[in-house]
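Analysis of the macromolecular model
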Amino acid sequence: MAVLEQTPPAVAQPSPTQPKKGWRKYWHLYAAISPFYLIFLGFGLFPVGFSLYLSLHRWDGLGSMEWAGLSQYQYLLSDSDFWNSIGNTIIIWALATFPMIFLAMVTAVMLNSAVRFKGLYRVAYFLPNVTSVVAIAIVFGSIFSTNSGLVNAVFNAVGLDQVAWLNTPWGIKVTIAALMTWQWTGYNAIIFLAGLQTIPSDLYEAARMDGAGPVQTFFRITLPLLRPTLLFVLVVSTVTGLQSFSEPQVLLQTSSNDSTFAGGPGHSGQTMVLYFFQQTFDNNDFGYGAAVAWGIFLVVVLFSIINWRLVQRRGE
Amino acid sequence: MRLSRRGLLRAGLAGTAATALGGLASGCAVPTGSTGRNMVLWYWSGGLSDTVVKNAKARYDSSVDLDAIQIGGQYRSKLITTITGRAHIPDIAGLKGEDMAAYLPNADQFIDLRTLGAEKYKDQYLSWKWDQGIADDGTMVGFPIDCGPVAHYYQYEIFRRAGLPYEPADVSKELNTWERFFDAGEQLRKRIPGTMLLTDVNSVFENVVQQGSKRYVDKDRHFIGDQEHVRRAWALAVEAKRRGIVSDLVSGTPDQLSAKQDGKLPSELGASWAAFDIKNGVPKAKGRYRVADMPVRPANNGGSFLSITKACREPEQAFEIITWMLNAANQAQGYVDAGLFPSTPASYGLKQMQEPDEFFGGQVTTDVFGPAAQKIAVAYNSPFDVALGQPIKDEIKNVGVLGKDPKKAWSDAMSKCRRIAKHLGVSY
């Protein structure tokens, strides 16, 4: 501030009628919005920049940093575990998202037409979303346990074979996806419900007059008009799906000395963020951890571009 | 007083500015360590005996305010962050045994306890444990808290029904090699169908490696995970799988606990602190368990240290507190309160540690853990051990759980290790 106040005099005194320069006129407005930017600068932008700097070094978190150039990134590209974690993340995301969208849509349509206890249902469906993931994961761990789990009990009852859910590559992925589906269906159903209620009812009336059945109405009217909502839901679940961490971490941790970030046998539940934690905090390899974080960033950017393209196409 | 909108805005702005300035000002004056009479001690829940901490506070009350703080969550990350940030560093810091490899290369962040006269306490502590607290350059970073001698927990009645030795002394004597231990597993499975000796192959692999005096990376930063000591552990783990004595359960899951409770998983190799996990996990098994020696020789798993950081202003005082808190009598108290098995052999004969344990059918478990603690050999703890041990542990798990071909698994593990070693600058 002091520096800025010294600048004006010397050259030409501004005449009193001349309007003040931008920052002088509006400084109090800038000051009013500054807290967010200052905090963002300290706790958002600086760490981001520092992680870029960190990714060019080797560092154990305590000692001195050692310049590593681009070698961390070079190693990242050849790191099969990293690619495996990307694959896991995307598979789990797909396994969770598509059933979730379907279920959420069905739930929303039902909620939209339900007459009684509407409020109660909405609260009930939203509840899983505000429950702690750790608590949910512990419960799911029991539900999907091999010998004493509820899911296998149902399987036994209908004559299917037991599945070692938390001990086989696909079992692990399905379990994590089931957890995410359960957690997000209600939330997205509420979003869909909001979308459904913006569709004017005269459209439905007109359709009925033209002799359209409920199925036709759904596919010709409801679905196209829900498209913006659908995209929103897709974008949000992509963002959360790519960041999945607590779900596999809590589900797959064991009481032994095992790494809690390994993601079960064959790393089959090791998501990108889990891999990042393993490299950074198990191995104390902060430089490589930062490089992994930037790798994750690129994957997220890629998915964001895909999402953006989907939205753009609609605008044409 | 009536507040106009403008007035409210002004007040808000002034408040924000004051906070920002205050933050800046205090930012300049953040103390590195503690201030005044304070002596800050960082540890984690269950890391020290609450009774001992309380007594230490009272005992040294005339000279310092001992401020013992339990740090939750990721303890090491928080300690490292604080030290690197050079602000509010505790005077005394607990260090977990498994994290020592990360601290020792940075011994300059801690005060060398030898300069405070640690040597004169040396003969009261287990010598291997003492050595674990010392860095490569000879700096003594950690003062021993507890240790975790590994023993063989088993269910008396099940072993008896299977025609196996069942008194602790007999189990220790007869199941003293891996070969005999595995034979017992086969007999167990045949006599009592559905019963498995061990939860997974990793317990065999890791305990065999831990029994030895070498692990994955040596002092010269050379990868040794492809050598005989690891190959042997690998072969024994594969053998356990081949002989069908390991379950397909995951340790720590409800499945495993119910199998233990039903006697279908009557045996496990665990450190002294695992007794508390068993008591909590299967309380109904009270009286059914006994403790015997692990086959071949004991190993260590866990155990931690106290250190004095560079930020400490009164190291002599801190050292006095540490040595008092970790003397033989207080370590015995730590065992009673928190299951911390003492690193001071003089504790083992004390009354608190000679109590028969009803959970173990009235056995005095110190009789097993005490002698075991004194026979432990420890390996060099390289900062690269975690990164280079993980691929091998992952692959043996794949053999055990997914039925992967052991040969393929071994070569996969080795090629991964080669890649990681190169990345970390470890010679292969």
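Bear in mind the structure is a predicted one, so any value in this text is a computation, not a measurement. (Residues numbered from 1 in each chain as written. Chains lettered and ligands numbered in written order. Predicted model: local features only at pLDDT ≥ 70, side-chain atom pairs only at ≥ 80, totals over all residues.)

In terms of helices and strands, chain B carries 17 helices and 10 strands. A buried classification covers 47% of the 428 residues belonging to chain B. When contacts within chain B are restricted to residue pairs at least 6 apart in sequence, those whose partners lie at least 24 apart make up 77%. (Helix = DSSP H or I, 4+ residues; strand = E, 2+ residues; numbered from the N terminus. Buried ≥ 20, exposed ≤ 12 C-beta atoms within 10 Å, placed from the backbone. Contact = placed C-beta atoms within 7 Å.)

Here we come to the overall build of chain A. The helix and strand tally for chain A stands at 13 helices and 2 strands. For chain A, with 316 residues in total, the buried portion stands at 34%. For chain A, the proportion of contacts with a sequence separation of at least 24, taken over those separated by at least 6, is 68%.

Before going further, it helps to spend a moment on the nonpolar core. Among the nonpolar cores identified, the biggest contains 153 residues, and B:A151, B:F205, B:A237, B:A240, B:I322 and B:L388 are the most heavily contacted of them. Examining the composition of this core, we find that 13 residues originate from one element, helix 8 (residues 169-197) of chain A, more than from any other. Here this core spans two domains, since at least three of its residues come from each of domain 1 (38-147 + 302-373) and domain 2 (150-301 + 378-424) of chain B. Within the second largest apolar cluster, 18 residues are counted, among which are A:W59, A:F261, A:Y275 and A:F286. (Core = buried A, V, L, I, M, F, W, Y, C linked by C-beta atoms within 7 Å. Domains from an automatic or database assignment.)

Quick look at the UniProt feature "transmembrane region" (unreviewed entry) in chain A now. Residue and element names in this part refer to chain A. According to UniProt, the positions carrying the feature "transmembrane region" (unreviewed entry) are residues 29-54, 90-111, 123-144, 184-204, 225-245 and 286-306. In this annotation, residues 29-54 is assigned 100% helix and 0% strand; the end-to-end C-alpha distance for the span is 36 Å. Helix makes up 86% of residues 184-204 and strand 0%, whereas the separation of the span's terminal C-alpha atoms amounts to 29 Å. (UniProt positions renumbered as here; feature names shortened; annotations may be inferred.)

What follows concerns the interface of chain B and chain A. Contacts between the two partners involve 35 residues from chain B, matched on the other side by 33 residues from chain A. Broken down by secondary-structure element, the contributors of at least two residues to the side of chain B that touches chain A are helix 1 (5-28), helix 3 (75-85), helix 9 (201-211), helix 11 (254-261) and helix 16 (385-402) of chain B. Here the residues of the side of chain B that touches chain A are counted per class, giving 14 nonpolar, 15 polar and 6 charged. (Nonpolar A, V, L, I, M, F, W, Y, C, P; charged D, E, K, R; others polar.)

It is worth spelling out the domain arrangement of chain B at this point. Residue and element names in this part refer to chain B. Per the domain assignment, the segments of chain B are domain 1 (38-147 + 302-373) and domain 2 (150-301 + 378-424). Taking only C-alpha atoms into account, the centre of domain 1 sits 28 Å from that of domain 2. Those elements that provide at least two residues to the side of domain 1 that touches domain 2 are helix 4 (100-103), helix 5 (127-132) and helix 15 (366-373). Residues of the side of domain 1 that touches domain 2, tallied by class, amount to 12 nonpolar, 7 polar and 2 charged.

Glancing now at the packing of helix 16 of chain B against helix 17 (residues 406-424) of chain B. Relative placement of two packed helices is described by the angle separating their axes and the distance separating the axes. Residues and elements named next belong to chain B. The interhelical angle for the contact between helix 16 and helix 17, taken along N-to-C directions, is 165°, at an axis separation of 9 Å. By the criterion of interaxial angle, the relationship of helix 16 to helix 17 is roughly antiparallel. Note on packing geometry: the crossing formed by helix 16 with helix 17 is right-handed. Here A387, L388, P391, I392, E395, N398 and V399 of helix 16 lie close against helix 17, whose contacting residues are P406, A409, W410, D412, A413, K416, C417, I420, A421 and L424. (Axes fitted to C-alpha atoms, helices over the stretch in contact; angles between N-to-C directions. Parallel < 35°, antiparallel > 145°, perpendicular 65-115°, else oblique. Left-handed = near helix turned anticlockwise from the far one by under 90°.)

All names here are of chain B. Note on placement: E355 falls in the loop between strand 10 (341-342) and helix 15. Looking at E355, the number of C-beta atoms within 10 Å reads 12, which means it is exposed. Once the C-alpha coordinates of E355 and T365 are considered, the two residues, 10 residues apart in sequence, prove to be 8.6 Å apart.

To continue, consider the sheet that holds strand 8 (residues 289-293) of chain B. All names here are of chain B. Across the sheet, which stays open at both edges, the 3 strands sit in the order 7-6-8 with antiparallel pairing between neighbours. Taken across any chain shown, the strands that pair with only one partner, and hence form the sheet edges, are strand 7 (267-271) and strand 8. Taking each pair of neighbouring strands and ignoring which way they run, the sheet shows an average axis angle of 35°. Sheet analysis places strand 6 (residues 150-155) next to strand 7, joined by 5 bridges and oriented antiparallel. (Pairing = 2+ DSSP bridges.)

Its 19 residues give helix 17 of chain B an end-to-end C-alpha distance of 26 Å, which sits within 8% of 27 Å, the value for a rise of 1.5 Å per residue. Looking at the packing, one finds that the buried side of helix 17 of chain B touches helix 3 (71-78) of chain A together with helix 10 (228-242) and helix 16 of chain B. Looking one or two residues beyond helix 17 of chain B, the residue adopting positive phi is B:G425, at roughly 75°. (Expected span 1.5 Å × (residues − 1).)

So, on to the pairing of strand 9 (residues 304-308) of chain B. All names here are of chain B. The buried fraction of strand 9 is high, at 5 of 5 residues. Burial along strand 9 is two-sided: S304, L306 and I308 and F305 and S307, pointing in opposite directions, are all buried. Sheet analysis places strand 3 (residues 92-96) next to strand 9, joined by 5 bridges and oriented antiparallel. Residue G94 lies in a different strand from strand 9, and its bridge partner there is L306.

Here helix 8 of chain A is 29 residues long and its end C-alpha atoms lie 41 Å apart, about the 42 Å a rise of 1.5 Å per residue gives. For helix 8 of chain A, a buried count of 22 out of 29 residues is recorded, marking the element as mostly surrounded by other parts of the structure.

Another point: the packing of helix 8 of chain A against helix 10 (residues 214-242) of chain A. Residues and elements named next belong to chain A. Two elements in contact, helix 8 and helix 10, have axes separated by 9 Å at closest approach and are oriented at 145°. Crossing of helix 8 over helix 10 shows right-handed handedness. On helix 10, the residues touching W184, N188, I191, F192, G195 and L196 of helix 8 are T222, L226, T229, F232, V233 and S237. Here the residues of the contact of helix 8 with helix 10 are counted per class, giving 7 nonpolar, 5 polar and no charged.

Once that is clear, we can look at the confidence of the model for chain A. Any region with low pLDDT has predicted coordinates that should not be read closely. Across chain A, pLDDT averages 87, with 90% of residues at or above 70. Note on residues 1-10 of chain A: pLDDT is under 50 here. Beyond four places in sequence and across chains, it has 0 contacts. (pLDDT = per-residue confidence, 0-100.)

So, about the pairing of strand 6 of chain B. Residue and element names in this part refer to chain B. Where burial is concerned, most of strand 6 is hidden: 6 out of the 6 residues are buried. Of the pairings in the sheet, the one linking strand 6 to strand 8 comprises 5 bridges and is antiparallel in character. Within strand 8, the residue paired with A151 across the bridge is D293.

Residue and element names in this part refer to chain B. Read from one edge to the other, the open sheet built from 5 strands follows the order 2-1-3-9-4, with strand pairing classed as mixed. This sheet does not close on itself; its edge strands, each paired only once, are strand 2 (65-70) and strand 4 (143-144). Where strand 1 (residues 38-43) lies against strand 2, 6 bridges are found, and the strand directions are parallel. Directly across from Y43, in strand 2, lies its bridge partner Q70. Running at roughly 160° to strand 9, helix 13 (residues 315-325) makes contact with strand 1, strand 2, strand 3, strand 4 and strand 9 of the sheet.

Turning next to unusual backbone geometry. Most peptide bonds are trans, and most residues other than glycine sit at a negative phi. Located in the positive-phi region is A:N284, a residue other than glycine, with phi close to 55°. Here A:N284 lies in the loop between helix 12 (272-282) and helix 13 (286-315). Of note in this structure, B:R86 is not a glycine but carries a positive phi near 55°. Structurally, B:R86 is set in the loop between helix 3 and strand 3. On the basis of neighbour counts, which here come to 13 C-beta atoms within 10 Å, the residue B:R86 falls in the partly exposed class.

All names here are of chain A. Within the secondary structure layout, L252 lies in helix 11 (residues 246-252). Classification of L252 by C-beta neighbours within 10 Å gives buried; the count is 27. Distance in space between the C-alpha atoms of L252 and G141 is 8.2 Å, their sequence separation being 111 residues. Among residues more than four places away in sequence, those in contact with L252 are L166, I172, G263, G264 and G269.

All names here are of chain B. Mean pLDDT over chain B stands at 92; residues scoring 70 or higher make up 93%. Note that pLDDT drops below 50 for residues 21-28; the model gives that stretch 0 contacts with residues more than four away or on any other chain. Both scores are available for the predicted complex, with the pTM at 0.87 and the ipTM at 0.85.

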